[in-house]
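Coordinates in review
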Amino acid sequence: MLENLNVLMPETKPQNQNILRCGFSQPLTSLFLGDTAEGWGWGGTGKKSHNNEYADYGGPFHAGDVIGCIIDMDQSTISFTKNGQFTGVAFDNIPPTASETGMFPHLLMKNVKCQVNFRRETKWFDPPGPQVKFFEEAAEDMCVPNPVEHPASVKDAEFVMLCGLPACGKTYWAQKHMEANPRSEEHTSELQSPLQSR
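Each chain carries its own residue numbering, running from 1 in the written order of its sequence. Confidence filtering applies because this is a predicted model: local features only for residues at pLDDT of at least 70, side-chain atom pairs given and counted only at 80 or more, and all residues used for totals across whole chains, interfaces and linings. The side-chain values count all of the structure's non-hydrogen atoms but skip hydrogen atoms and water molecules.

On to unusual backbone geometry. For residues that are not glycine, phi is negative in most cases, and the peptide bond is trans in most cases. With a phi angle near 60 degrees, Leu 28 is a residue other than glycine that sits in the positive phi range. By the element assignment, Leu 28 lies in the loop between strand E2 (19–25) and strand E3 (39–43). Accessible area is worked out with a 1.4 Å probe on protein chains only. A residue is then buried under 20% of its type maximum, exposed over 50%, and partly exposed in between. On the accessibility criterion, Leu 28 (41% relative accessible area) is partly exposed. Phi angles above zero are rare outside glycine, and Asn 51 is one such case at about 55 degrees. Residue position: Asn 51 is located in the loop between strand E4 (47–50) and strand E5 (53–56). A run of H or I in DSSP counts as a helix once it spans at least four residues, and a run of E counts as a strand once it spans at least two, with each numbered from the N terminus.

Whenever Lys or Arg places a side-chain nitrogen within 4 Å of a carboxyl oxygen from Asp or Glu, that contact is recorded as a salt bridge. Evaluated as defined, the whole model comprises 6 salt bridges. Ionic pairing is found between Arg 21 and Asp 35, a salt bridge with its closest N-O pair at 3.6 Å. Placement of the pair is Arg 21 in strand E2 and Asp 35 in the loop between E2 and E3, with a sequence separation of 14 residues. Across the pair Arg 119 and Glu 121 runs a salt bridge, and its minimum N-O distance is 3.2 Å. Judged by its relative accessible area of 42%, Arg 119 falls in the partly exposed class. Within this structure, Arg 119, Glu 121 and Glu 136 form a network of salt bridges that share partners.

Before going further, it helps to examine the pairing of strand E6 (residues 67–72). On a regular strand, each side chain points to the face opposite its neighbour's, so the side chains alternate between the two faces of the sheet. Only strands joined by at least two bridges in the DSSP assignment are considered to pair. Pairing analysis gives 6 bridges linking E6 to strand E7 (residues 77–82), with the strands arranged antiparallel. Across the sheet, Ile 71 pairs through a bridge with Ile 78, a residue of E7. What sits between the antiparallel neighbours E6 and E7 is a turn of 4 residues, in which Ser 76 has the positive phi angle 60 degrees.

Below, the discussion takes up the packing of aromatic side chains. Any Phe, Tyr or Trp ring, taking Trp's six-membered ring, that has another such ring centre within 6.5 Å forms a pair; planes under 30 degrees apart are called stacked, those over 60 apart edge-to-face, and the others tilted. Summed over the entire model, instances satisfying the criterion amount to 6 aromatic pairs. The interplanar angle of 55 degrees and the centroid separation of 5.5 Å between the aromatic rings of Trp 42 and Phe 80 together place this pair among those described as tilted. Taken together, the residues span a long stretch of sequence, with Trp 42 in strand E3 and Phe 80 in strand E7 at a distance of 38 residues. Each member of the pair, Trp 42 as well as Phe 80, is classed as buried.

Strand order in the open sheet formed by 3 strands is E6-E7-E8, and the pairing between neighbours is antiparallel. Both edges of this open sheet fall to E6 and strand E8 (85–91), since each of them pairs with a single strand only. The sheet shows a mean angle of 25 degrees between the axes of neighbouring strands, taken without regard to direction. Inter-axis angles, ranging from 0 to 180 degrees, are taken between N-to-C directions of lines fitted to C-alpha atoms, where helices are fitted over the stretch in contact.

Next up on the list: a nonpolar patch on the surface. Judged by side-chain polarity, Leu 107, Met 109, Val 116, Phe 118 and Phe 135 come together as a nonpolar surface patch covering roughly 440 Å² of accessible area. The residue Phe 135 is located in the loop between strand E10 (112–113) and helix H2 (170–180) in this model. Each patch groups residues whose relative accessible area exceeds 30% and which form no salt bridge, using 9 Å between like charges and 5 Å between nonpolar side chains of Val, Leu, Ile, Met, Phe, Trp and Tyr. Per-residue accessibility takes into account occlusion by the displayed protein chains alone, with areas from the Shrake-Rupley method and a 1.4 Å probe.

The following block contains the structure:
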């Protein structure tokens, strides 16, 4: 995690203005890591999350810390490291179906800047044992293609902006649109008070 970005969010508690949660998820699931049964994450608040259940784990982390994410498909576990130190097994409930659907690295970010690494040559710390491999070292037959459709170029991307009064159905429409198009990579963003930023 490189830095927390300075933002003006007077209605948001300071501890919720800059968030990084990292971990893994199965494809075609919520972008809110740890809020569903298909996502497992550890956040900078020192909480692990899965299926919208939060528990203390590993302590908090901040800008300047290096977080390592480890998945063991043979043991059905997810673990983490902080600045090269193993923080223990966080989850031991990866379903057997994950071997078929695949598990993908996942970051949930809000007003933070971070850098990711999947290569041994550019590692910040040694992994906690020789059995831990980097993604680039995965055998081709152990990899699963990502089922999410991606546009070939930016000009092929679609942007939908909804404007309207509160409680008029914008969020409902966006959720229904995403449910109807699960293989599209669609994100929702919310700007609550655009005039306050002036």
